Amino acid sequence: MARLAGKTAIITGAGSGIGLATATLFAEEGANVVICDLNKEACGKAAKSITDAAGSALAMPMDVTSEADWQTAFTKAADQYGRVDVLMNCAGVGDQTPIEDTTVEIYNKVCDVNLKGVFLGCKYAIRHMKHRGRDLQMGSIINVSSTAGFVGTARAGIYTMSKGGVRLFSKAVAVEVAEFGYHIRCNSLHPGGTVTPMFDGSLATRNISQEKFAELVKRRNLLGRRAEPVEIAYGALFLASDESSFMTGTELALDGGYAAR
Ligand SMILES: NC(=O)c1ccc[n+]([C@@H]2O[C@H](COP(=O)([O-])OP(=O)(O)OC[C@H]3O[C@@H](n4cnc5c(N)ncnc54)[C@H](O)[C@@H]3O)[C@@H](O)[C@H]2O)c1
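Residues numbered from 1 in each chain as written. Predicted model: local features only at pLDDT ≥ 70, side-chain atom pairs only at ≥ 80, totals over all residues. Heavy atoms only, no water.

## Focus: the side chain of Ser 188
Piece 1. Turning to its location among the elements, Ser 188 is positioned in strand β6 (residues 184–191).
Piece 2. Among the polar contacts listed, one links the side chain of Ser 188 to the side chain of His 190, at a separation of 2.8 Å.
Piece 3. Contacts of Ser 188, omitting those with residues within four sequence positions, involve Asn 143, Ser 145, Arg 167, Ser 170, Thr 250, Glu 251 and Leu 252. (Helix = DSSP H or I, 4+ residues; strand = E, 2+ residues; numbered from the N terminus. Polar contact = N/O pair within 3.5 Å; in protein donor to acceptor, adjacent residues only side chain to side chain. Contact = heavy atoms within 4.5 Å.)

If you want it as structure tokens, here you go:
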């Protein structure tokens, strides 16, 4: 049986990279997927490729920093599919500016998307999922952090701050929903360097050659390579499915061993 049969998942940042790979995999595993992204065209394209492959998908262009957009997303998803079982907060932005050169505009942009977006997603997921019947398995919230949620990195100060925040906020969500008696789990997911437009963009910004980068990866990452997006999506699949039914308030690291030393 498909691992997400009968479930509906809202995935943000699903127009590209890790979010797109996750939406595709979730649909293959039987979920209805709600494809949320700021990029309207990418949203439509992702939803079409899933429905063309006989999957179930709804395109939902939205800005994760907008409270009104979150309200609409949950309302439309529930109207279309009856209820939402999984939320994956995957939308994020990176930044490579040294701290001494970081402007308040950069700070606001990174924190708005990476922190406020996750906060609002959790807020509306809790409001929606708290009414979940005990006849169902628990609702699952997956917040995408990073290896930057575990260790510091040069030229990623505000990004690191935001991803550390995502990690601890996920624990706060898990504790609160448990104390309030809601039928919800929440965990953070920590990808290492993954082959996506975001990562390639950061290489370009830092003017690092592929050769120098390969050397850096070998030194830092025990597996000596970057992840493919689908390798991160498999972790999200585990967290979304009932296979992780005893897991809440903790981290799943898929980082090739990056944070081990
Ligand atoms: N790629 C990596 O190496 C890596 C490593 C660790 C963590 N991550 C995290 O994984 C997540 C996905 O990253 P990715 O590499 O797939 O990036 P990506 O750039 O390929 O995709 C991110 C998506 O988020 C969307 N987005 C940005 N701002 C948004 C907003 N305000 N509202 C809605 N959507 C918005 C973008 O349009 C884009 O489609 C991010 O949270 C990122 O921080 C990535």
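So that's the structure; there's more coming.
## As for the site of the ligand
Piece 1. Looking at the ligand, there are 26 residues lining it, with Ser 16, Asp 37, Tyr 159, Thr 194 and Thr 196 nearest.
Piece 2. Contacts to the ligand include Cys 90, whose backbone N or O atom sits 2.9 Å from an oxygen atom.
Piece 3. Within the side chain of Thr 196, one N or O atom sits 2.5 Å away from an oxygen atom of the ligand.
Piece 4. The fraction of the free accessible surface of the ligand (830 Å²) that becomes covered by protein chains is 91%.
Piece 5. Taken together, the elements giving at least two residues each to the shell around the ligand come down to α1 (17–28), α5 (157–179) and α6 (197–205).
Piece 6. Here the shell around the ligand gets three residues from one element, more than from any other, and that element is α6.
Piece 7. Here the residues of the shell around the ligand are counted per class, giving 13 nonpolar, 10 polar and three charged. (Near = heavy atom within 4 Å. Areas by Shrake-Rupley, 256 points an atom, 1.4 Å probe, with all protein chains shown as cover. Nonpolar A, V, L, I, M, F, W, Y, C, P; charged D, E, K, R; others polar.)

## A short note on the side chain of Thr 12
Piece 1. With respect to the element layout, Thr 12 can be found in strand β1 (residues 8–12).
Piece 2. Engagement of the side chain of Thr 12 in a polar contact is seen with the backbone nitrogen of Ala 91, the distance being 2.9 Å.
Piece 3. Beyond its immediate chain neighbours, meaning those up to four positions away, Thr 12 contacts Cys 36, Val 64, Trp 70, Met 88, Asn 89, Cys 90 and Ala 91.

## Quick look at α1
Piece 1. Relative to the 16 Å expected for 12 residues at 1.5 Å per residue, α1 spans 17 Å between its end C-alpha atoms, a close match to the ideal helical length.
Piece 2. Of all 12 residues that make up α1, nine are buried, and the element is covered over most of its length.
Piece 3. Burial in α1 covers these residues: Gly 17, Ile 18, Gly 19, Ala 21, Thr 22, Ala 23, Leu 25, Phe 26 and Ala 27.
Piece 4. Once α1 finishes, Gly 30 follows within two positions and takes phi at roughly 95°, a positive value. (Expected span 1.5 Å × (residues − 1). Buried < 20%, exposed > 50% of the residue type's maximum accessible area, 1.4 Å probe, protein only.)

## Considering the environment of Arg 155
Piece 1. Positionally, Arg 155 belongs in the loop between β5 (139–144) and α5.
Piece 2. Along the sequence, Arg 155 and Asp 101 sit 54 residues apart, while their C-alpha atoms lie 9.9 Å from each other.
Piece 3. Contacts of Arg 155, omitting those with residues within four sequence positions, involve Asp 95, Gln 96, Thr 97, Pro 98 and Arg 206.
Piece 4. For Arg 155, the side chain forms a polar contact with the main-chain oxygen of Gln 96, separated by 3.0 Å.

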